[in-house]
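Examination of the molecular architecture
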Amino acid sequence: MSRAPWRDHIVTTLIAFVSTFFGVALIQGSQLMVDFIVADDPEAAGLFGTAVLSVAVVFIGIGAYTAAVVTANTFSTIVAGRVRTIAQYRLLGQTAGKLRANLAGEGFVAGLVGTLLGLASALVTYRLLVQAGIDREFLPTADSVNYTWVAPAVAIPAVISVLTVWVAAYVGSRAVSKVSPVQALSAHVETPVEERRSSAVRKISFGLFMAVGVALLLGGCGLGVVSPMGVLVAFWGGVFSFTAVVIGAVMIVPRLLALIGRCFGSSAAVVLARGNVTRAPRAATRATIGMIIGVALIVMFVVALATMKQIVWMYLLEQNGGQVPEAEKMVFDQSMMAVNGVMVSLTCVSVVLAAIGMISNLALAVIQRRRELGLLRAVGATSSQIRLMILVESAVTSIVAIGFGAILGILYGWAGAQSTFGAVVGGFALPVVPWELPVTVAAATITLALVAAIGPSIRATKVSPVEALAVS
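Residues numbered from 1 in each chain as written. Predicted model: local features only at pLDDT ≥ 70, side-chain atom pairs only at ≥ 80, totals over all residues. Heavy atoms only, no water.

Considering the overall build of the protein chain
In terms of helices and strands, the protein chain carries 16 helices and zero strands. Of the contacts made within the protein chain by residues no fewer than 6 positions apart, 85% connect residues no fewer than 24 positions apart. Counting only carbon and sulfur atoms, one obtains 70% of the accessible surface of the protein chain, whose full area is about 23200 Å². (Helix = DSSP H or I, 4+ residues; strand = E, 2+ residues; numbered from the N terminus. Contact = heavy atoms within 4.5 Å. Areas by Shrake-Rupley, 256 points an atom, 1.4 Å probe, with all protein chains shown as cover.)

Quick notes on the layout of surface pockets
In this structure, the second largest pocket occupies an estimated 900 Å³ of space. In terms of lining, the second largest pocket is formed by 31 residues, of which the most central are Phe-235, Gly-238, Leu-297, Met-300 and Tyr-412. Every element with two or more residues in the lining of the second largest pocket is listed here: α3 (42-81), α8 (230-247), α11 (281-319), α12 (326-368) and α14 (383-425). Across the lining of the second largest pocket, the residue classes tally to 25 nonpolar, six polar and no charged. (1 Å grid on protein atoms, 1.4 Å probe; cavity = no way out; pocket = protein on both sides within 12 Å on 5 of 7 lines; lining within 4 Å. Points joined across faces, edges and corners; volume = space filled by probe spheres on them. Nonpolar A, V, L, I, M, F, W, Y, C, P; charged D, E, K, R; others polar.)

Focus: the packing of α14 against helix α15 (residues 436-461)
The N-to-C vectors of α14 and α15 enclose an angle of 145°; their axes lie 8 Å apart at closest approach. Two packed elements cross with a definite hand, and for α14 against α15 that hand is right-handed. Taken together, the residues of α15 that come into contact with α14 (itself represented by Ser-383, Ile-386, Arg-387, Ile-390, Leu-391, Ser-394, Ala-395, Ser-398, Ile-399, Ile-402 and Ala-406) are Val-441, Ala-444, Thr-445, Leu-448, Ala-449, Leu-450, Ala-452, Ala-453, Pro-456, Ser-457, Ala-460 and Thr-461. (Axes fitted to C-alpha atoms, helices over the stretch in contact; angles between N-to-C directions. Left-handed = near helix turned anticlockwise from the far one by under 90°.)

Quick notes on empty space enclosed by the protein
Using the criterion set out here, one finds two cavities of 30 Å³ or more in the structure. If you add up the space inside the largest cavity, you get close to 70 Å³. At the level of elements, α2 (10-40), α3 and α6 (155-172) are the ones that each hand at least two residues to the lining of the largest cavity. For the lining of the largest cavity, the leading source of residues is α6, giving five residues. What the second largest cavity holds in volume is close to 30 Å³.

Observations concerning α15
The first and last C-alpha atoms of α15 sit 37 Å apart over 26 residues, in line with the 38 Å expected at 1.5 Å per residue. At Ile-454, α15 is deflected by roughly 35°, the largest bend along its length, and proline Pro-456 occurs up to four residues later in sequence. Within the sequence span of α15, burial applies to Leu-437, Val-441, Thr-445, Leu-448, Ala-449, Ala-452, Ala-453, Pro-456, Ser-457, Ala-460 and Thr-461. (Expected span 1.5 Å × (residues − 1). Bend = angle between axes of the 7 residues up to and from the residue. Buried < 20%, exposed > 50% of the residue type's maximum accessible area, 1.4 Å probe, protein only.)

A few points about the confidence of the model for the protein chain
Per-residue pLDDT for the protein chain averages 80, and the proportion of residues at 70 or more is 85%. At the low end of the mean pLDDT range in the protein chain sits helix α1 (residues 3-8), at 61; at the high end sits helix α7 (residues 200-223), at 92. Here residues 187-197 scores under 50 on pLDDT; set against residues more than four positions off or in separate chains, the count is 23 contacts. (pLDDT = per-residue confidence, 0-100.)

Here we look at α8
One turn of the α-helix equals 3.6 residues, which is why residues spaced by three or four share an orientation. Look at α8: 26 Å from first C-alpha to last across 18 residues, which is about the 26 Å you get at 1.5 Å a residue. Taken as a whole, α8 has its buried residues at Gly-230, Ala-234, Gly-237, Gly-238, Ser-241, Phe-242, Ala-244 and Val-245. The buried residues of α8 occupy an angular sector of 145° when the element is viewed end-on, so they sit on one face. (Arc of directions from axis to C-beta.)

Observations concerning the packing of aromatic side chains
Within the structure shown, the criterion is met by seven aromatic pairs. Ring centres of Phe-235 and Trp-236 lie 5.3 Å apart, and the angle between their planes is 75°; this geometry places the pair in the edge-to-face category. On the basis of relative accessible area, Trp-236 is assigned to the partly exposed category, the value being 48%. Taken together, the aromatic side chains of Tyr-126, Tyr-147 and Trp-149 make up a single cluster linked through ring pairs. In this structure, Arg-100 is placed above the aromatic ring of Tyr-170, and the distance from its NZ or CZ to the ring centre is 3.9 Å. (Phe/Tyr/Trp six-rings, centres within 6.5 Å; stacked < 30°, edge-to-face > 60°. Lys NZ or Arg CZ within 6 Å of the ring centre and 35° of its normal.)

Section: the environment of Pro-434
Tracing the chain through its elements places Pro-434 in the loop between α14 and α15. Contacts of Pro-434, omitting those with residues within four sequence positions, involve Val-302 and Ala-306.

Some remarks on the packing of α7 against α8
Helix-helix packing is characterised by the crossing angle of the two axes and by the distance between the axes. It is at 7 Å that the axes of α7 and α8 come closest, and there the two elements cross at 155°. Between α7 and α8, the angle falls in the class roughly antiparallel. α7 and α8 meet at a crossing whose hand is left-handed. For the contact of α7 with α8, the per-class residue count stands at 15 nonpolar, nine polar and one charged. (Parallel < 35°, antiparallel > 145°, perpendicular 65-115°, else oblique.)

Some remarks on the side chain of Thr-307
Mapped onto the secondary structure, Thr-307 falls in helix α11. When its relative accessible area of 1% is taken as the criterion, Thr-307 is described as buried. A polar atom in the side chain of Thr-307 sits 2.8 Å from the backbone oxygen of Val-303. When sequence neighbours within four positions are dropped, the list of residues in contact with Thr-307 reads Ala-417, Leu-430, Pro-431 and Val-432. (Polar contact = N/O pair within 3.5 Å; in protein donor to acceptor, adjacent residues only side chain to side chain.)

Considering a nonpolar patch on the surface
A cluster of nonpolar side chains, namely Phe-108, Val-109, Leu-112, Val-113, Leu-116, Leu-117, Val-159, Leu-163, Trp-166, Val-167, Tyr-170 and Val-171, defines an oily patch on the protein surface of about 1000 Å² accessible area. Put simply, the parts of the chain that give the nonpolar patch at least two residues each are α5 (96-135) and α6. Considering the arrangement of structural elements, one finds Leu-112 in helix α5. (Patch = residues over 30% accessible without salt bridge, like charges linked within 9 Å, V, L, I, M, F, W, Y side chains within 5 Å. Salt bridge = Lys/Arg side-chain N within 4 Å of Asp/Glu carboxyl O.)

Overview of the nonpolar core
By size, the foremost hydrophobic cluster in this structure holds 51 residues, and its most contacted members are Leu-257, Met-291, Leu-373, Met-389 and Leu-408. With 13 residues, α14 is the largest single contributor of residues to this core. Among residues more than four places away in sequence, those in contact with Met-389 are Ala-269, Leu-272, Ala-273, Asn-276, Arg-369, Leu-373 and Leu-376. Formed by 13 residues, the second largest nonpolar core is a distinct cluster that contains Leu-26, Ala-56, Phe-59 and Phe-301. (Core = buried A, V, L, I, M, F, W, Y, C linked by side-chain atoms within 4.5 Å.)

Focus on the environment of Pro-228
Looking at the secondary structure, you find Pro-228 in the loop between α7 and α8. With a relative accessible area of 46%, Pro-228 lands in the partly exposed category. It is 8.9 Å that separates the C-alpha atoms of Pro-228 and Gln-418, two residues lying 190 residues apart in sequence. Leaving out residues up to four positions away in the same chain, Pro-228 has contacts with Ser-419 and Thr-420.

Here it is, written out as structure tokens:
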């Protein structure tokens, strides 16, 4: 394998590393709690361990879902950048199936390397942290607690990570079958222009899933007024409606990108940037959907827990005649802060994975547009204009991904709290959005836009006009 293809898989390796590190850390953290229970009450350890492991597997699954989306999108971008090479192989007799299998094999190796590194790093980090806790007397000594340094269940996130990357690589490389051998005979091969019109099947599926999802969400929230069982109905409403969002993202995201792009003015660099982020709807959607999912998950938990806290607090006030004892209030606040911290921490991995994918997609897009960038330099575009164009592309993508994800998260968070605790207030509660949330969202948007633009903008300004005029 040549050097260039492996450079394409740095992001895939990093995704496998992060998802495995997170999963192993979650398993080992769960095992630590089980070790404490065993030391105190061995009989209760079995049931507690099963419960904790089940919760851990759920969050590992959430991380794996995000990793799969990001990996599939990364391989779709890789295929777009290898159109000429793939066309040459097709011209020499290679089948699309064989080429897809080769790409999936590259993904498997990259995923395996990242998984092994993540597994080793997580276990070493766990050992160092626990030992530091013992040395500082923050944790019990090894004489009183039999610490499990390598839990057998760490194989679960490792296997899930490798399989996720492997399958996602194969799914993401399906565009190989659309590459024609004739493209190998062209002097220069451009990535094919995407079909802007969504298929009728996609539109019908989007409408059906959204209609069922919204109906179940509203039904669950209404049922929550009289029974906490409403959350079971709302859960499926969330599944169906969010599936509709994923299906229809290629119809929604490009329109949002165009809308936000108009807010940046009408200079030449901005107009070019706006055109770049909207001319390929599927590529634009691939770059943002992972971040939308990750942000929606975090915001959902934050809003759901904040709304739940408000509902329960009003109930406590009512039960105590408007005055809750200070000690009880302190315990309540500490408990809610702990739960909120744990839930946000567990879902942060999705945002990290999505951010990696979004940054890599922008970087790969710049690499694939070297000829276009060279032409811009040849007709007089300055380095400042090129940098501004890349920065605007990054900013527009970041605003849409984080903003749309935050809106979805607020809606789903409120629906979850209302369908679960609506019966406590005997009606509908307003969603509670902590003031820290919009500040964090704004800061995250600015940071992501800047970080995502640094590498690609530097690379873009180094493209020589000669490259655009040369015939390969």
